[in-house]
Amino acid sequence: MAEWIAVAADPVGAGGRLQALGADGTPLSAAEPVDDLAEAVAVREARLRPRWVWAATDDLYPRLLDRVPVRLGRCHDLKLVEALLLGYEGGHGQPRSLGAAWARLRGLPVPDDARDGAADGQPSLFAADRHQLPPDVDQLTAVVAVHAEQRRRIAAMERPERMRLLCAAESAGALAAVEMARDGLPWSAAVHDALLTDLLGPRPSGGARPQELDRLTARFQEAIGRPVNPDSPAQVLSAFARAGVSLPSTRNHVLKDAGHPAAAILLRYKELSRIHSAHGWAWREQWVGGGRFRPEYVVGGVVSGRWATRGGGALQIPRLLRSAVVADPGHRLVVADAGQLEPRVLAAMSGDRGLCAAAAGGDMYADLAGTAFDGDRGRAKIALLAAMYGQTSGEAGQLLAILRRRFPAAMGLVEEAARVGEAGGVVRSQLGRTSPRPSALWPQDDEETADGASPALRAARAWGRFTRNFTIQASAADWALAVLAALRRRLAALGPDGGAPPRLVFFQHDEVMVHTPVEFAEAVAEAVTEAAREASRLVFGDTPVCFPLQTCVVECYADAK
DNA sequence: AAACGAGGCGCC
DNA sequence: AAAGGGCGCCTCGTTT
């Protein structure tokens with residue numbers, strides 16, 4: 001019956017308290033103590049499918065899952081919502097814990113989030129500490145009060161329905177993040193090992209260096225004529241200088257054009273060295289167990305709404321290693337990737353007629369090339385990326401002039417976002433996620449320099465590029481989160497009771513992966529397509545822009561295209 | 001010994 | 001004319 005139920009876990013033990021809430025957030029009944037919170041939540045989930053209201057998903061949901069294998073449908077994460085609302089209200093960076101929100105509500109001194117368990121990774125002894133609540137404040141009371149206040153704040157906004165959607169999607173993402181961290185990404189140690197051995201030589205014992213890295217180091221030193229450490233950019237630069245090659249840096253694109261035989265060897269060394277140090281045997285020991293790679297996702301870890309990860313570099317799995325991601329026997333991976341998401345977002349947000357027409361089809365860049373760039377798809381792509389990132393150097397400058405002439409509304413949107421940022425203002429995503437303000441130190445000194453670009457001016461322009469990109473990147477994240485939430489709900493409806501249901505196992509900005517028994521694979525692929533359609537309508541409304549989610553069913557991630 | 005910024009590169 | 005946005009994590013080399 002109750003659509004919303006507030007939850008607080010007891011400081012010690014398995015118990016807690018629940019309280020049903022009405023449509024405006026006010027309690028419908030007295031708080032109900034329960035001995036086994038996880039069991040009580042599971043029972044009510046099955047019966048009522050409410051939206052669970054609690055201090056922080058990353059704190060409570062894992063503890064529930066430790067006791068009962070229940071999957072919850074919906075929640076309202078007070079900490080994540082508080083961060084969204086604070087940002088919207090211009091208060092980025094303020095403490096967002098339950099205790100901080102409570103203190104602001106009551107006009108009390110606001111505790112900082114420094115000892116917030118979720119923030120520093122150090123779980124504190126008592127749940128009350130975790131949420132920064134004073135010892136004399138009842139947690140459930142605070143949950144109910146802060147929740148009601150958050151709903152009031154949302155209702156007062158210009159577009160409350162959009163912020164509600166954003167809060168729901170962010171909270172659903174928090175549920176998914178906990179579940180994905182527990183389920184893990186299928187990872188074949190055998191395939192990974194074969195790959196490493198093939199590239200680096202047999203696994204060295206102790207802390208020894210792999211054969212191939214030693215061999216490449218020796219070859220590089222011979223070619224450059226000095227015993228330099230290839231991992232030291234400073235040593236490498238001076239060695240090249242002594243060999244008569246002056247380089248501005250040791251970056252890949254510089255080395256590619258260095259015109260010295262040692263450069264090619266060094267490039268290969270750097271490629272393999274990175275694999276070894278970032279995703280080698282030591283990495284696997286630390287992050288892979290039981291055939292699963294278990295990273296920890298940090299929802300709300302990026303101001304644009306993208307997720308971050310803690311440990312394991314889950315969002316940087318090298319393409320080279322994707323063959324190690326293999327479905328269990330009898331299972332498949334459904335990999336879905338939103339192609340050209342950001343330019344499509346730009347089209348939908350700006351409503352630019354020409355760009356919308358291009359974004360109605362399957363390959364925007366190709367379409368654009370045909371209408372504005374003499375059939376040159378590569379230039380069309382560079383132009384659009386430059387518009388969204390604020391690039392002006394090289395050929396991008398000319399291409400931007402074409403965009404400005406042909407797609408004035410789209411260019412107007414990103415240029416206005418840049419101007420706002422340069423002036424120290426904030427911009428918002430489609431659903432209302434808000435950019436931070438530039439640091440308080442900015443803009444101060446404005447001493448003119450010879451070329452006219454004072455430090456303050458350069459900083460302002462850099463911030464303009466940030467707000468320009470934020471508008472697009474954060475709106476793309478809005479859409480991706482909405483897809484994730486919609487897909488998660490559809491998957492829950494798919495799975496059998498008791499058996500192994502389809503599971504979300506990976507989410508990376510504009511890409512999702514589901515691990516599923518083979519008999520559900522086609523249904524999962526269908527669910528992905530429907531989730532994309534649903535998210536597009538929810539986030540962008542009635543737009544001609546198409547947001548295709550390319551989906552493929554594979555046994556191995558490397559086979560996804 | 002630990003902390004930090006810089007340089008660099010993986011992913012989107 | 002104007003030096004392309006976001007992240008995590010590695011190593012180096014210096015500072016504390």
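Note that the structure is a prediction, hence the values are computed from the model and not measured.

## Concerning the overall build of chain A
Moving on, step 1. Secondary structure summary: chain A contains 22 helices and 14 strands in total.
Moving on, step 2. By the compact-globule yardstick of 24 Å for 561 residues, chain A fits well, its C-alpha radius of gyration being 26 Å.
Moving on, step 3. With the C-alpha coordinates aligned to their principal axes, the bounding extent of chain A is approximately 80 × 60 × 50 Å.
Moving on, step 4. Across the 561 residues that make up chain A, the buried fraction comes to 52%.
Moving on, step 5. When the accessible surface of chain A is summed, it comes to about 25,200 Å², and 51% of that surface belongs to carbon and sulfur atoms.

## Side note on the protein's contact with DNA strand C
Moving on, step 1. In the neighbourhood of DNA strand C, 24 residues make up the surrounding shell, with Ser232, Arg306, Gly311, Gln316 and Phe466 lying closest.
Moving on, step 2. When the atoms of DNA strand C within 4 Å of the protein are sorted by group, sugar and phosphate make up 70%.
Moving on, step 3. Between DNA strand C and Arg465, the relevant distance is 3.2 Å, taken from a sugar or linking oxygen to a side-chain nitrogen or oxygen of the residue.
Moving on, step 4. Those elements giving two or more residues to the surface near DNA strand C turn out to be helix H13 (261-279), strand E10 (308-310) and helix H21 (455-494).
Moving on, step 5. Looking at the surface near DNA strand C element by element, the count peaks at 4 residues for H21.
Moving on, step 6. Of the residues contributing to the surface near DNA strand C, the split by class is 4 nonpolar, 15 polar and 5 charged.

## Thoughts on the pairing of strand E4 (residues 51-54)
Moving on, step 1. Here E4 shows a buried face lined by Arg51 and Val53 and a second buried face lined by Trp52 and Trp54.
Moving on, step 2. Here 4 bridges tie E4 to strand E5 (residues 74-77), and the two strands are oriented parallel to one another. Of the residues in E5, the one forming a bridge with Trp52 is Cys75.
Moving on, step 3. For the crossover that starts at E4, traverses helix H2 (residues 57-67) and ends in the parallel E5, the hand is right-handed.

## Let's talk about the protein's contact with DNA strand B
Moving on, step 1. The local shell around DNA strand B holds 17 residues, among which Asn252, Lys270, Arg274, Arg306 and Asp510 are the closest.
Moving on, step 2. When atoms of DNA strand B within 4 Å of the protein are split into backbone and base, the sugar-phosphate part holds 80%.
Moving on, step 3. Between Lys270 and DNA strand B, the recorded distance is 2.8 Å, taken from a side-chain N or O atom to a phosphate oxygen.
Moving on, step 4. Contacts to DNA strand B include Gln316, whose side-chain N or O atom sits 3.1 Å from a base nitrogen.

## Some thoughts on the packing of H21 against helix H22 (residues 521-540)
Moving on, step 1. The N-to-C vectors of H21 and H22 enclose an angle of 135°; their axes lie 8 Å apart at closest approach. Considering their axes alone, H21 and H22 lie oblique with respect to each other. The chirality of how H21 crosses H22 is right-handed. Along the contact surface, H21 presents Ser475, Asp478, Trp479, Ala482, Val483, Ala486, Leu487, Arg489, Arg490, Leu491 and Leu494, while H22 presents Ala523, Val524, Ala527, Val528, Glu530, Ala531, Ala532, Glu534, Ala535, Ser536, Val539 and Phe540.

## Things to note about helix H4 (residues 98-106)
Moving on, step 1. Every buried residue of H4 is accounted for by Leu98, Gly99, Ala100, Ala101, Trp102 and Ala103.
Moving on, step 2. Contacts from the buried residues of H4 go to helix H3 (78-88) and helix H7 (139-155).

## Section: unusual backbone geometry
Moving on, step 1. Unlike most non-glycine residues, Arg49 shows phi in positive territory, near 45°.
Moving on, step 2. Position of Arg49 relative to the elements: it lies in the loop between helix H1 (37-48) and E4.
Moving on, step 3. Given a relative accessible area of 53%, Arg49 falls into the exposed group.
Moving on, step 4. The backbone phi angle of Asp374 is positive, close to 50°, even though this residue is not glycine.

## Looking at the pairing of strand E1 (residues 4-9)
Moving on, step 1. Burial analysis of E1 places 6 of its 6 residues in the buried class, the great majority of the element.
Moving on, step 2. Here E1 shows a buried face lined by Trp4, Ala6 and Ala8 and a second buried face lined by Ile5, Val7 and Ala9.
Moving on, step 3. In sequence, E1 turns back onto strand E2 (residues 16-21) through a hairpin of 6 residues, with Gly13 there showing a positive phi of about 85°.
Moving on, step 4. Where E1 lies against E4, 3 bridges are found, and the strand directions are parallel. Residue pairing across strands places Ala6 opposite Val53, the latter belonging to E4.

## Considering the nonpolar core
Moving on, step 1. Trp307 and Trp479 are the most contacted members of the largest nonpolar core, which totals 101 residues.
Moving on, step 2. With 11 residues, the single largest contributor to this core is H21.
Moving on, step 3. By size, the runner-up hydrophobic cluster in this structure holds 25 residues, among which are Leu196, Leu247, Val254 and Leu272.

## Notes on the domain arrangement of chain A
Moving on, step 1. Domains assigned within chain A are domain 1 (4-156), domain 2 (189-285), domain 3 (293-341 + 477-559) and domain 4 (344-471).
Moving on, step 2. For domain 1 and domain 2, the distance between their C-alpha centres works out to 49 Å.

What counts, and where the lines are drawn
Residues numbered from 1 in each chain as written. Chains lettered and ligands numbered in written order. Predicted model: local features only at pLDDT ≥ 70, side-chain atom pairs only at ≥ 80, totals over all residues. Heavy atoms only, no water. Helix = DSSP H or I, 4+ residues; strand = E, 2+ residues; numbered from the N terminus. Rg over C-alpha atoms; globule rule 2.2 N^0.38 Å. Buried < 20%, exposed > 50% of the residue type's maximum accessible area, 1.4 Å probe, protein only. Areas by Shrake-Rupley, 256 points an atom, 1.4 Å probe, with all protein chains shown as cover. Near = heavy atom within 4 Å. Polar contact = N/O pair within 3.5 Å; in protein donor to acceptor, adjacent residues only side chain to side chain. Nonpolar A, V, L, I, M, F, W, Y, C, P; charged D, E, K, R; others polar. Pairing = 2+ DSSP bridges. Right-handed = clockwise from strand over helix to strand, strands pointing away. Axes fitted to C-alpha atoms, helices over the stretch in contact; angles between N-to-C directions. Parallel < 35°, antiparallel > 145°, perpendicular 65-115°, else oblique. Left-handed = near helix turned anticlockwise from the far one by under 90°. Contact = heavy atoms within 4.5 Å. Core = buried A, V, L, I, M, F, W, Y, C linked by side-chain atoms within 4.5 Å. Domains from an automatic or database assignment.

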